Amino acid sequence: MPLKSLSLRALLIASTTVLAPSFAQAQTEAEPQSGAEAESAAESDLKLREVVVLGRYIPEVLRSTSEVAAFLAPEDLARQGDSDAAAALARVTGINIAEGKFVYVRGLGERYSSARLNGSPLPSPEPLQRVVPLDLFPTKILENILVQKTYSVEYPGEFGGGIVDLRTLNVPEENFLEISVSGSYNTETTAQSGLTHYGSETDPLGFDNGTRKLPAPVRRAMAQGSRISDVNYPADIQHIGQSFTNAELRLLQNNDSIPTNGSYSISGGRSFDIGGAELGIIGVLGYSNEWRTKNGIQNTAQISEQNLIEFSAHDYVQTDNNIGLDGLFGMGLDLGDDKINWTNLYIRKVTKQTSSQEGFDGAQADLFRTDRTAWYERELYSTQVNGRHFRGPWTFDWRTALSQTRRDAPYESATRFGFSPLANRYIYGGGNNDNRMTFSYLDDKVVSGAFDVEYVQPLSSARDITYSAGIEGYENTRKSQSRAFSYFFNASDDSAADFLFLQQRPDFLFANFNINPDRFVLREVTAGDGGAAYDADLNVFGAYAKVDAEIIPLVRAAVGLRYEDASQNVTIVDLIANEPLAPDIQRSYDKEESYVLPAGTVTWNFAEDQQLRLGASQSIGRPQFRELAPQQYYDPDSDRTFIGNPYLVDTEFLNLDARYEYYFDRGQTFSFGVFFKELDKPVESVVVETNLTEQQTYINAPKATLMGFEVEFKKVYDSPFDTPFLASKEFLVQANYTNTSSELKVDPNDKVFPLQGRGQERDATDFFQDGEQLTGVSEHIANVQLGWKDEAAKSQATLLATYASERVTARGPSQQPDLIQEPGVILDFVYKKGFGIGGRDFNFDFKVNNILGEQFYEYQQGTSDTLRGLVIRNQYDLGTTISLGLSAEF
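Calculation criteria
Residues numbered from 1 in each chain as written. Predicted model: local features only at pLDDT ≥ 70, side-chain atom pairs only at ≥ 80, totals over all residues. Heavy atoms only, no water. Pairing = 2+ DSSP bridges. Helix = DSSP H or I, 4+ residues; strand = E, 2+ residues; numbered from the N terminus. Phe/Tyr/Trp six-rings, centres within 6.5 Å; stacked < 30°, edge-to-face > 60°. Buried < 20%, exposed > 50% of the residue type's maximum accessible area, 1.4 Å probe, protein only. Lys NZ or Arg CZ within 6 Å of the ring centre and 35° of its normal. Core = buried A, V, L, I, M, F, W, Y, C linked by side-chain atoms within 4.5 Å. Contact = heavy atoms within 4.5 Å. pLDDT = per-residue confidence, 0-100. Salt bridge = Lys/Arg side-chain N within 4 Å of Asp/Glu carboxyl O.

S.K.: Could you give an account of the sheet that holds strand β8 (residues 162–168), naming the residues involved and the relevant values?
M.R.: Read across the open sheet, the five strands follow the order β2-β7-β8-β5-β6; overall the sheet is mixed. Across the chains shown, the open sheet's two edge strands, defined by having one partner strand only, are β2 (69–72) and β6 (120–121). Judged from the six bridges that link them, strand β7 (residues 142–148) and β8 form a sheet pairing that is antiparallel. Following the sheet pairing, Val-147 is matched in β8 by Val-164.

S.K.: Which residues make up the packing of aromatic side chains, and what values go with them?
M.R.: Under the defined criterion, the tally for this structure stands at 37 aromatic pairs. An angle of 40° between the planes, with centres 4.8 Å apart, marks the rings of Phe-510 and Phe-520 as tilted. Pair noted here: Phe-510 is in the loop between α10 (506–509) and β21 (520–524) and Phe-520 is in strand β21, with a separation of 10 residues, a long-range link. Note on accessibility: Phe-510 and Phe-520 belong to one class, buried. Three or more aromatic residues joined by ring pairs form one cluster here, namely Phe-417, Tyr-428, Tyr-487, Phe-489, Phe-501, Phe-510 and Phe-520. Across from the ring centre of Phe-417, 4.4 Å away, lies the NZ or CZ of Arg-369, which sits over that ring.

S.K.: Just give me the short version of the nonpolar core, but keep the residues and values in it.
M.R.: Taken as a class, soluble globular proteins show a tendency for nonpolar side chains to be buried jointly. Counting residues in hydrophobic clusters, the biggest one holds 34 residues, and the most contacted among them are Leu-108, Leu-744, Phe-767, Phe-768 and Leu-774. Secondary structure elements with two or more residues in this core: β22 (533–552), β23 (555–572), α11 (625–628), β29 (668–680), β30 (683–690), β31 (693–700) and β32 (703–718). Among the elements that make up this core, the one with the highest residue count is β22 (four residues). The contacts of Phe-767, once residues within four sequence positions are left out, are Val-686, Val-688, Ile-699, Val-752, Pro-754, Arg-762 and Arg-811.

S.K.: Go over the pairing of strand β12 (residues 261–273) with me, naming the residues and quoting the values.
M.R.: Where strand β9 (residues 176–186) lies against β12, nine bridges are found, and the strand directions are antiparallel. In the sheet register, Leu-177 faces β12, and the bridge partner there is Gly-268. Pairing of β12 with strand β13 (residues 278–304), which is carried by 12 bridges, proceeds in the antiparallel orientation. Looking at β13, one finds that Gly-269 is bridged to Ile-282.

S.K.: Outline the confidence of the model for the protein, supporting the account with residue identities and numerical values.
M.R.: With 89% of its residues at a pLDDT of 70 or more, the protein has an overall mean of 86. Confidence, read as mean pLDDT per element, is least for helix α1 (residues 9–14) in the protein (36) and greatest for strand β10 (residues 194–196) (97).

S.K.: Lay out the pattern of salt bridges in plain terms, naming residues and giving numbers.
M.R.: Charged atoms that come close allow side chains of opposite charge to pair. Counted according to the given criterion, the structure contains 47 salt bridges. One salt bridge connects Arg-227 with Glu-579, and the closest N-O pair in it is separated by 2.8 Å. One end of the pair, Arg-227, is in the loop between α6 (216–223) and α7 (237–242); the other, Glu-579, is in the loop between β23 and β24 (588–607), and 352 residues separate them in sequence. Judged by its relative accessible area of 16%, Arg-227 falls in the buried class. Here Asp-408 ties to Arg-406 by a salt bridge, and the two come within 3.7 Å at their closest N and O atoms. Counted as one network, the salt bridges with shared partners bring together Arg-116, Glu-158, Arg-399, Asp-452, Glu-472, Arg-562, Glu-564 and Arg-622.

S.K.: So, unusual backbone geometry: which residues are in play, and what are the values?
M.R.: Despite not being glycine, Glu-305 has its phi angle at roughly 50°, a positive value. As for its placement among the helices and strands, Glu-305 is situated in the loop between β13 and β14 (307–334). The phi angle at Asn-850 is positive, at roughly 60°, despite the residue not being glycine. Mapped onto the elements of the fold, Asn-850 is located in the loop between β41 (840–849) and β42 (855–864).

Put into structure tokens, the structure is as follows:
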């Protein structure tokens, strides 16, 4: 295997060192700490302890870490009022959220960021990503969230934009029991018309009662290893075809008044004194049922005589019923110098989706309507055990975890109708591709373990040096497969009778009476040559060593290296045993690389309450499983088909950071930072055309750079007013802004290796232009929070604004302009009020999200003299959501 030692020119020049998290040591005299005291100090990053350096006591965790990082404390999560981790992170400097669930750090897409749960890696239930979507995590199960924007060696070397570490609730400091209920109204959905389908009786609970289970006759036929058709199963094909569920899952229904959204949760915790030790137990249970309707337009484009015009155009209505279940159980044992925690998390998110598209199909040159129904189950289960042990100057940490996600999508049904002038309405087209049922399944599992050791050596009464080292290993495995079926129509000799027959409702059309050799015959249309299933695995072993020392008074440096070895494999699976792969199809794609990754920081506490950080590191980014697998996947949200590229290689990063920080009061700060990243072989998303059909795939661009600056300000003001209502209030002003500029570096002689042509080299200029912006990067990201808090009245109110400028979502096909999305401005308001009734404490929440009614807007636009025109790719209104919540403490 190749061993890559990544040179670090800027690191050597600047004499900076490891980007490893370290706590600033007190500059005042201090007595040696016992193990228990060291435990308390180590946990202070989560509890915002007071740290003494050159200046006043300031309870600010970000001041005591050597990294450029952002921290959402419990009070931040409560003030913002966001329901899930993704929404909460949208308020953080330099972060914006794509598709409501994926984190973009400093403009780099979700593929360059990673999420961890209590320090352990997580799998993903998403077909298109290896990164877990953060909308899965309700904020009610989280204690805090840490976002690290600079690389440190105790984390895996796969780092580009940042690392998000979600910390769940643990041992409670005091006993509690809380019950909460909330409801919400969306202006585009609630009490408005939408679509649905019957499904099963237990759908509102988030579980199917067996209606969507793959029928037994189908399973038996599949087990025999032959493609299901009338040729292979002539005696059984009618029975097999009639075994599929029809009306409950195929017939669309209009719902004239979509119901309101609701959620319910109960949480509790208790601590026990068991003879010198403390045992803590905590639990959370939650259920939610929400609806979302999109009334929008989706188009594709083509170039005609220097004009960008619509090729296909349609309106659509899509209603999603999202049902969520989540549970957390944690147990912790504190023995003073020894502490052990056990955390179990279960999250289930189900989407019952019903949609209808109507418009002009450029490829078929006709008017059409396509009705779709789907049921998507996403589950995540994680169990973790970790411990921390103190022995004099030594600290030992260990953790192990098993996390598994699953995505099951049975009966994705699509039925296409063509417009008949004679009937003056849409009727079933009768083509072999005009109906389809797809069953897909994905299972993703991560097993991980890590051990860290730390030794503290005093240099003087006020300075010390910390030596640390550790190892971590994890295995990520994924299995993905998809089976598809269609009914083929057999026309009769009586065309008039056929015309009348095809005008039936779809549930009548595909009723058992019509599933026979004379009308509809079932055939399996699962993709061949390995296009329907793959197995994948990623095995990573890493070891690091670092030194963190205050080399001279007020100057602290951290230096270290990480060695990391990884092997990655994607193997095409023959779902149909009797149809072996074609001889020219590669069955397995293997990648194995080893790296030595240096990193470092220097922190200078040069003035009262002020410090300067300098940092540099190198890191990598690996292609995700889905980006490598040559399996087609249709995404209904974007109306695009995705396919991977097994010829992708790792991306290598050079990261440089500098930041000035000024802490002028308790929890109040001003900071200004600059950053620079150089990317070698970044993975870019590209739209290509195949037989007049668009596919989105992935290609390594030659090189890219990303640079920018970010500024943050947070201050609390005492009330300047003497009126009874305002006198007791504290006012918050918080704002941050990030400016990011990125560009691809493409020379005329650069080559790329796309899937088309099976990895044969192509000129990079066929897909990329020099100076283009990286996909996913917004040049401007800004957040503003204005609010007040009244401790005496137990109330607080906050106005929150989030802005992200336009960003490229994919490269345009066939020399077309790139696809652009404009996230716009999202303005929210949150009000909270506490009160007591009958000796019980209650809390009332009022929230308004998207006050300005921002919409989702994606487009292509020709802006040169040689190409003009604008085509809207996807547009729909998000609506304004009004929420009311009530919780009671017992």
